[in-house]
Amino acid sequence: MRFTSTPRGARLARRLTAVRLDAWGIPYDTDPHDTLVLIVAELTANAVRHGHVPGRDFHLRVHVLADGRTVRVEVTDTRAERLPRRSSTAPEADGTEETGRGLLLVSRLATRWDWHPRPDGPGKTVWAEYELPSPPALVSLARD
């Protein structure tokens, strides 16, 4: 889905994901649900903060891979010159900064994450995969 590249768009993306995960059998108030919603929150916030181009939206895709146990989150923005660091260590800081730790958090929560250039125009897609402890009962509705 497409969302406006605003804090409201990021909030709507997070809420939609929460509802969709519950419908797929990953219920509210479980560790997998909360972790996936947090990953979506961080990636969409980054798209709004660092990937925003006036007049352009960001795209969110959440789907279950064919193995039935891995949920993949993809957030695509249209800003090509601000690329995420692939490092899993925190940037140099004195501990007083309130930002700059989103991808570090994603790297700790996700099974794996990375980014690649957007194939159909300027920008990039940042993705994260989370392996569920066991396949949910209704996950077959969400498979590719």
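**Let's talk about the packing of helix α2 (residues 31-50) against helix α3 (residues 102-109)**
Step number 1: Two elements in contact, α2 and α3, have axes separated by 9 Å at closest approach and are oriented at 150°. Classified by the angle between their axes, α2 and α3 sit roughly antiparallel to one another. In this structure, the crossing between α2 and α3 has a hand that is left-handed. Judged by residue contacts, Thr 35, Leu 38, Ile 39, Glu 42, Leu 43 and Asn 46 of α2 engage Gly 102, Leu 103, Leu 105, Val 106 and Leu 109 from α3.
Step number 2: Residue composition of the contact of α2 with α3, by class: seven nonpolar, three polar and one charged.

**Points about the nonpolar core**
Step number 1: Judged by nonpolar contacts, the single largest core of 30 residues is most densely connected at Leu 36, Leu 43, Leu 60 and Val 73.
Step number 2: Those elements that place two or more of their residues in this core are α1 (7-23), α2, β2 (58-64), β3 (70-77), α3, β4 (112-117) and β5 (124-131).
Step number 3: Element by element, the count of residues in this core is highest for α2, at seven residues.
Step number 4: Excluding its chain neighbours within four sequence positions, the residues that come into contact with Leu 36 are Leu 21, Ile 26, Val 71, Val 73, Tyr 130 and Leu 132.

**Concerning the side chain of Ser 107**
Step number 1: Tracing the sequence through the fold places Ser 107 in helix α3.
Step number 2: Classification of Ser 107 by relative accessible area gives buried; the value is 17%.
Step number 3: Reaching out from Ser 107, the side chain makes a polar contact with the backbone oxygen of Leu 104 at a distance of 2.7 Å.

**What to know about the environment of Met 1**
Step number 1: Mapped onto the elements, Met 1 comes out in the segment before β1 (2-3).
Step number 2: For the pair Met 1 and Phe 58, spaced 57 residues apart in sequence, the C-alpha to C-alpha distance is 8.5 Å.
Step number 3: Ignoring anything within four residues of it in the chain, the contact list for Met 1 reads Leu 16, Phe 58, His 59 and Leu 60.

**Some points on unusual backbone geometry**
Step number 1: Positive phi, close to 60°, is recorded for Asp 29, a residue that is not glycine.
Step number 2: In this fold, Asp 29 is placed in the loop between α1 and α2.
Step number 3: Taking the relative accessible area as the measure of exposure, Asp 29 reaches 73% and is therefore exposed.

Criteria and thresholds
Residues numbered from 1 in each chain as written. Predicted model: local features only at pLDDT ≥ 70, side-chain atom pairs only at ≥ 80, totals over all residues. Heavy atoms only, no water. Axes fitted to C-alpha atoms, helices over the stretch in contact; angles between N-to-C directions. Helix = DSSP H or I, 4+ residues; strand = E, 2+ residues; numbered from the N terminus. Parallel < 35°, antiparallel > 145°, perpendicular 65-115°, else oblique. Left-handed = near helix turned anticlockwise from the far one by under 90°. Contact = heavy atoms within 4.5 Å. Nonpolar A, V, L, I, M, F, W, Y, C, P; charged D, E, K, R; others polar. Core = buried A, V, L, I, M, F, W, Y, C linked by side-chain atoms within 4.5 Å. Buried < 20%, exposed > 50% of the residue type's maximum accessible area, 1.4 Å probe, protein only. Polar contact = N/O pair within 3.5 Å; in protein donor to acceptor, adjacent residues only side chain to side chain.

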